[in-house]
Amino acid sequence: MAPAPDPRGLTTPAGRPQQARGTWGLRDRPGVLWLVLAVLVALAHPFVPDAVWLLTHLVLLGALTHSAMVWSTHFAATILKSPPTIDDRRVQSRRLLLLLAGTAMVVVGVPSTWWPLTLVGAVTVSTAVGWHAVQLVRRLRRALPGRFRVTVRFYIAAAACLPVGATFGVLLARQPADPWHGRLLAAHVATMALGWLGLTMTGTLVTLWPTMLRTRMDDRAERLARQSLPVFLTALVVIDTTALLGLSAGTAAGLVLWLAGLAWWGRALVSPLRRRPPRELGPASVGLALLWLAGGLVAAAVTVAVRGVGDFGDLTGRIAAVVAAGFGLQLLTGALSHLVPSVLGGGPSVVRAGQRWLEKGAVLRLTLVNGGLVVCLLPVPSGVRVVASTLVLLAFAAFVPLMLRGIRAAVAARRALVAGEPVETPERAPWSLGQLAAATSMLALVVAVAGALAGPAASSDLAAGATPTGETTTVRVEAHDMAFHPATIDLPAGNRLVIELVNTDDEDTHDLVLPDGAHTPRLAPGDAATLDAGVVGSSTEGWCSVVGHRRMGMVLTIRVGSSAPAAAPAADHEHMAHGSDHDAAATSPAYDASLPPVSGRVHRVYLTIDETVLEVAPGVWQQRWTFDGQVPGPVLHGRVGDRFVVTVHNAAQMTHSIDFHAGERAPDRVMRAIPPGGTLVYRFTARRAGIWMYHCSTMPMSSHIAAGLAGAVVIEPPGLAPVDHEWVLVGSETFLGDDTSWEGADEVDDTAVAAEQPDLVAFNGRAFQYDTAPLRARVGESVRMWVLDAGPNRAMAFHVVGEQLESTWSEGAWTLRPGTSGGAQVLPLLPAQGGFAELTFDEPGRYPFVNHVMVDAERGQHGVVEVTR
């Protein structure tokens, strides 16, 4: 392959363009900057808002788009042999600066929901790429006839795609409701990934692929590229049009058509590959990137065909990871591994000096990246996925320092040549089987961890004096639809029982526990485990220990010989005493009842579901199920017409879900189950005022709400007058297990939930907390108390002792308007209802606020407003 002309306008004595050699800051550094930022975001992703979006765009819009601009200019100049005056380095620098500024605005504007900044950034990026396209057209028009002009046509078509994809992205940043969000996202992803980046890649690899393999290209390469370009463009038009119209079958067909074009174009890659299989990082990485792209296209087509394009926003999590990591990053690192040493120039010895560093650990890195990504796509526990993704990240991150060392080595070698000093020319080392073994061992360790988490539990001993027969009965049991299948196992007395449990449910997590404590792990849908029960001498029962599942019928009867099934042992539900010592100081800080301020019209919220031990009364602890580690979950605050984009990540050990009463959405779209380790994006527009409940909607819902998975969304009525203090009080019930110590705190007692027998009733998750940490106001200050009854079962009559409620608002309407002569003594609420009461304190003192269902006030739904002068 001929080298590129020097964009600075220098020529050789023979009049030919001089090659672009040496370093150039605006060409070399922005790509590295975006990669470094991507690594930092990946390391800090639990604490970074929109981490997945940001990672994807730092790689694809940042590093890859910059590289596409730089190297398409490089190859166009090389192929067309155009004069350097058309597009000198000064002009290119301005264009690259424009791209850098626009990309920075987009990656700041979208996460911050500052739409004007996003719009300006998208326009700036589009302007830079449009300018790039104009220069490509100028080169093409002024070039003499020659081979591979089709490559430049690929670049021009790719550049035309970017402003279209950017328009879709700008509209997405307005956070439209579904199904438009999914439709726009499908069109945006296809246009940017398959149009802008995909066409740039396919156009470049026509000539770069055989050059990287150091062999002759296929004689059909130019013809196949020329034939495939209309197929690619037609497929993009079909995808975008059908996606925007909501025609899922058409979108899937468009994806298949693009894949067919890729296969037709890719025929030219096979012959060079057969002649010289990859023995260097560059071609191996690029080849694997193409395989990930093809796999991602298949996955996207199947998903869209089955689930529909309107749900595309909730379907792209792993597909996006494949495109950004498996395809995007591998394509970038592979191409740069070959191009960076070559473009620095100085002859073969200088190139090899740089490549020696870039090839270090090549087999190890390739194996970790691709094997780790495969593990991430498997239905493994979330902890295993975290370990595998960490290995992938480390393998990718190693590229940056190795590239910098390679550049330094090449520059040093070139200076030595200029000075007439000898330059060591290292031979290309054969690929290391040791690295392959090391990488495979690391990945095997990850799989071993998965086996430890999902493998057989400790054997149980239910022999009870039975004489072992030496025989083993193995039974496959499936768990689905809140039942075990079969529900009864007939076992000869004295036989060893081995149960192969498979969770065939579509959504729920299940396990199996035997009376002696032997158990399987909790299994996500599709997972399996083996439980060796040992010799079983008498009939017994096993059950699913996921809260509420046993009550709903998940019991497995083991019938030994001719004996009848044994009754399950009765549970002891005596709890720790807790009713009379509520004046003791709590050991945890009180929940902040202040209504958070409202800002902006688009609210991007991130909720993590997890299991956390929390204090539920002074000295009384429970294993709670929480949104963001607190009960109730964070209070969301907005106005009528505001849009909410809520990303919910399930870090717990069982399946959960979420239901926002503040939005109107089809339940089967957004209230579906979130498996352990899964993420759901829930979008809604707040069309009506109220204090709305949100909660987990996984069955049994009563237990999930009682365990702590509930919170409030406050949507202010228009024209609501300002007040001095606004507090939010969420009422809830607590059902304790046997152990209420911090060390061994039990989960919610679902039997007590079903019997409607709460041990504690509280405001904001902890009984009596506002007795010792009162809410505070001054005489004459106006107060608005927002109240939600999260239940799950009991009604509330909210009352402030010593005061009358001056105005009340409940379930979307005033029940007592301000300024009237009347007053109210309670704000009555049924479960899931909410409202607010307004009042002003005329005298200093301690004013209790209670649920006037007095037995519940005595159980903990009690607090104090301390009023001072």
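Quick caveat: nothing in here was measured; it's all calculated off a predicted structure.

Cut-offs and rules
The residue count restarts for each chain, going from 1 along the sequence in the order it is written. Local features in this predicted model are restricted to residues of pLDDT 70 or higher, and side-chain atom pairs are both shown and tallied only at a pLDDT of 80 or more, whereas totals for entire chains, interfaces and linings draw on every residue. Computation of side-chain values covers all heavy atoms of the structure but excludes hydrogens and water. Numbering of helices and strands runs from the N terminus, with a helix taken as a DSSP run of H or I at least four residues long and a strand as a DSSP run of E at least two residues long. Any two residues whose heavy atoms approach within 4.5 Å at even a single point are treated as in contact. Using the Shrake-Rupley algorithm and a 1.4 Å probe, accessible areas are obtained, with residue cover drawn only from the displayed protein chains. Every case where a carboxyl oxygen of Asp or Glu lies within 4 Å of a side-chain nitrogen of Lys or Arg is listed as a salt bridge. When accessible area is computed with a 1.4 Å probe and restricted to protein chains, residues below 20% of their type maximum are described as buried, those above 50% as exposed, and intermediate ones as partly exposed. At least two bridges found by DSSP between two strands is the condition for calling them paired. Axis lines are fitted to C-alpha atoms, over the contacting stretch for helices. Their N-to-C directions set the angle, which ranges from 0 to 180 degrees. Here, patches come from residues exposed beyond 30% relative accessible area and free of salt bridges, joined within 9 Å for like charges and within 5 Å for nonpolar side chains (Val, Leu, Ile, Met, Phe, Trp, Tyr). Positive residues here are Lys and Arg, negative ones are Asp and Glu, while His and the chain termini are left out of the count. Taken as the charge location is NZ of Lys, CZ of Arg, CG of Asp or CD of Glu. Residue count minus one, scaled by 1.5 Å, sets the expected span of a helix. Bend is computed residue by residue as the angle between axes fitted to the seven residues ending at the residue and the seven residues starting at it. Here, the term nonpolar core denotes a set of buried Ala, Val, Leu, Ile, Met, Phe, Trp, Tyr and Cys residues that are joined through side-chain atoms within 4.5 Å. Aromatic pairing here means that ring centres of Phe, Tyr or Trp (its six-membered ring) are within 6.5 Å. Orientation follows from the plane angle: under 30 degrees is stacked, over 60 is edge-to-face, and everything else is tilted. Angle categories: roughly parallel below 35 degrees, roughly antiparallel above 145, roughly perpendicular from 65 to 115, and oblique for all the rest. Just so you know the grouping, Ala, Val, Leu, Ile, Met, Phe, Trp, Tyr, Cys and Pro go in nonpolar, Asp, Glu, Lys and Arg go in charged, and all remaining residues, Gly too, go in polar. Nitrogen and oxygen atoms within 3.5 Å of one another constitute a polar contact, given that in protein one can donate a hydrogen and the other can accept it, and given that sequence-neighbouring residues count only through two side-chain atoms. Each helix crossing is assigned a hand: it is left-handed if the near helix lies turned anticlockwise from the far helix by less than a right angle, otherwise right-handed if that turn is clockwise. Looking at any residue, its pLDDT shows the predictor's confidence there, from 0 to 100.

Our focus in this paragraph is the overall build of the chain. For the chain, the count of helices and strands is 20 helices and 26 strands. Put simply, 75% of the contacts in the chain that link residues at least 6 apart link residues at least 24 apart. Here the chain displays about 35000 Å² of accessible surface, and carbon together with sulfur accounts for 60% of that area.

Before going further, it helps to examine the pattern of salt bridges. Scanning all chains against the criterion turns up 21 salt bridges. We note a salt bridge from Glu-726 to Arg-784, for which the minimum N-O separation is 3.0 Å. Here Arg-784 lies in strand S19 (residues 782-789) and Glu-726 lies in strand S16 (residues 725-734), a separation of 58 residues in the sequence. Accessibility expressed as a relative area gives 1% for Arg-784, which makes it buried.

The next thing to look at is the environment of Glu-611. Residue position: Glu-611 is located in strand S8 (residues 602-617). Between the alpha carbons of Glu-611 and Gln-653 there is a distance of 8.1 Å; along the sequence they are 42 residues apart. In contact with Glu-611, not counting residues within four places along its chain, are Gln-623, Arg-624, Trp-625, Ala-652, Gln-653 and Met-654.

We now examine the sheet that holds strand S13 (residues 679-685). Taken in spatial order, the four strands make up an open sheet running S9-S8-S11-S13, and their pairing is mixed. Edge positions in the sheet fall to strand S9 (620-627) and S13, since each has one partner strand and no second. Here the strands of the sheet are splayed against their neighbours by 25° on average, with no regard to which way each runs. The pairing of strand S11 (residues 643-650) with S13 spans seven bridges and is classified as antiparallel. Each residue of the ladder has a partner; that of Thr-647, found in S13, is Val-681.

A word on the environment of Val-670. Along the chain, Val-670 falls in helix H16 (residues 667-670). According to the relative accessible area criterion, Val-670 is buried, its value standing at 1%. Counting along the chain gives 11 residues from Val-670 to Val-681, while the straight-line C-alpha distance between them is 7.6 Å. Those residues in contact with Val-670 that lie beyond four places of it in its chain are Ile-658, Arg-665, Leu-680 and Tyr-682.

Attention now moves to the sheet that holds strand S21 (residues 807-810). Across the sheet, six strands lie side by side as S17-S16-S19-S24-S21-S22; this open sheet has mixed pairing. Each having just a single partner strand, strand S17 (760-763) and strand S22 (813-816) make up the two edges of the open sheet. For this sheet, the mean inter-axis angle between neighbouring strands, taken without regard to orientation, is 20°. Bridge count for S19 against strand S24 (residues 834-840) is seven bridges, and the pairing is antiparallel. Bridge pairing links Ser-782 to Thr-840 in S24.

Turning our eyes to something else, we now look at a positive patch on the surface. A cluster of like positive charges, contributed by Arg-356, Lys-360, Arg-405 and Arg-408, occupies part of the molecular surface. Of note, Lys-360 is situated in the loop between helix H11 (348-358) and helix H12 (362-377).

This paragraph deals with helix H2 (residues 51-80). Here H2 spans 41 Å end to end across 30 residues, near enough to the 44 Å set by a 1.5 Å rise per residue. Along its length, H2 reaches its greatest deviation from straightness, about 30°, at Leu-64. Just beyond H2, the residue with positive phi is Lys-81, at close to 50°.

By size, the foremost hydrophobic cluster in this structure holds 104 residues, and its most contacted members are Leu-194, Trp-196, Leu-199, Trp-258 and Trp-265. Excluding residues within four positions of it along the chain, Trp-258 makes contact with Leu-194, Gly-198, Phe-232, Ala-235, Leu-236, Leu-293 and Leu-297.

On the surface, Leu-33, Val-36, Leu-37, Leu-40 and Leu-43 cluster together into a nonpolar patch covering about 410 Å² of accessible area. Position of Val-36 relative to the elements: it lies in helix H1 (residues 25-43). Residue classification places Val-36 among the partly exposed residues on the basis of a relative accessible area of 34%.

The linkage connecting Met-699 with the following residue, Pro-700, adopts the cis geometry, with an omega of -5°. Topologically, Pro-700 is positioned in the loop between strand S14 (690-695) and helix H17 (701-706). Residue Gly-791 is joined to Pro-792 through a cis peptide bond whose omega torsion reads 20°. Tracing the backbone shows Pro-792 in the loop between S19 and strand S20 (796-800). Of note in this structure, Ala-832 is not a glycine but carries a positive phi near 80°. Counting through the fold element by element, Ala-832 comes out in the loop between strand S23 (827-829) and S24. The class for Ala-832 is partly exposed, based on a relative accessible area of 29%.

A few words on the environment of Val-864. Residue placement: Val-864 occurs in strand S26 (residues 862-868). Setting aside chain neighbours within four positions, we find Val-864 in contact with Tyr-770, Asp-771, Pro-774, Leu-775, Arg-846, Tyr-847, Pro-848 and Phe-849.

As a further point, take the packing of aromatic side chains. Tallying each qualifying case throughout the model produces 17 aromatic pairs. Between Trp-809 and Phe-836, the ring centres sit 5.4 Å apart and the planes meet at 5°, which makes this aromatic pair stacked. Pair noted here: Trp-809 is in strand S21 and Phe-836 is in strand S24, with a separation of 27 residues, a long-range link. Summarising the aromatic geometry, the rings of Trp-814 and Phe-836 are spaced 5.4 Å apart at their centres and angled 90° between planes, so their arrangement reads as edge-to-face. Remark: Phe-836 occurs in strand S24 and Trp-814 occurs in strand S22; sequence separation between them is 22 residues. Site record: aromatic cluster; members linked through ring pairs are Phe-627, Phe-644, Phe-660, Tyr-682, Phe-684 and Tyr-694.

This next bit is on the packing of H2 against helix H3 (residues 89-109). Between H2 and H3, the least distance of the axes is 11 Å, while the angle of their chain directions is 170°. Here H3 runs roughly antiparallel to H2, going by the angle between their axes. Residues Trp-53, Leu-54, Leu-58, Leu-61, Gly-62, Thr-65, His-66, Met-69, Val-70 and Thr-73 of H2 pack against Gln-92, Arg-95, Leu-96, Leu-99, Thr-103, Val-106 and Val-107 of H3. Its residues placed into classes, the contact of H2 with H3 shows 10 nonpolar, six polar and one charged.

With that settled, consider the side chain of Thr-204. Tracing the sequence through the fold places Thr-204 in helix H6 (residues 180-213). Its relative accessible area of 11% is what places Thr-204 among the buried residues. Within the structure, Thr-204 has its side chain in polar contact with the backbone oxygen of Thr-200 (distance 2.8 Å). Non-local contacts of Thr-204, meaning those with residues more than four positions away in its chain, are made with Phe-75, Thr-151 and Tyr-155.

Moving on to the packing of helix H5 (residues 149-172) against H6. It is at 8 Å that the axes of H5 and H6 come closest, and there the two elements cross at 160°. In terms of orientation, H5 and H6 fall into the roughly antiparallel class. The handedness of the crossing between H5 and H6 comes out as left-handed. Its residues assigned to classes, the contact of H5 with H6 shows 19 nonpolar, 11 polar and no charged.

Let us now look at the pairing of S16. Burial within S16 is extensive, with eight of its 10 residues counted as buried. Inspection of the sheet shows S16 paired to S19 by seven bridges, in the parallel sense. By the bridge assignment for S19, Leu-729 is matched with Val-787. The sheet contact formed by S16 and S17 spans four bridges and is antiparallel. Among the inter-strand pairings, Ser-732 is bridged to a residue of S17, identified as Ala-762.

Here the focus is helix H14 (residues 399-418). In this model, H14 (20 residues) spans 28 Å end to end at C-alpha, consistent with the 28 Å of a helix rising 1.5 Å per residue. In the segment just after H14, Gly-420 is the residue with positive phi, at about 80°.

On to the confidence of the model for the chain, then. Looking at the chain, the pLDDT average stands at 82 and 86% of residues meet or exceed 70. Between the elements of the chain, mean pLDDT differs from a low of 66, seen in helix H15 (residues 433-454), to a high of 95, seen in S19. Here residues 1-20 is modelled with pLDDT under 50, and outside its nearest four sequence neighbours on either side it reaches 43 contacts, counting other chains as well. Considering only residues more than four positions removed or in separate chains, one finds that residues 454-461, a stretch of pLDDT under 50, has 26 contacts.

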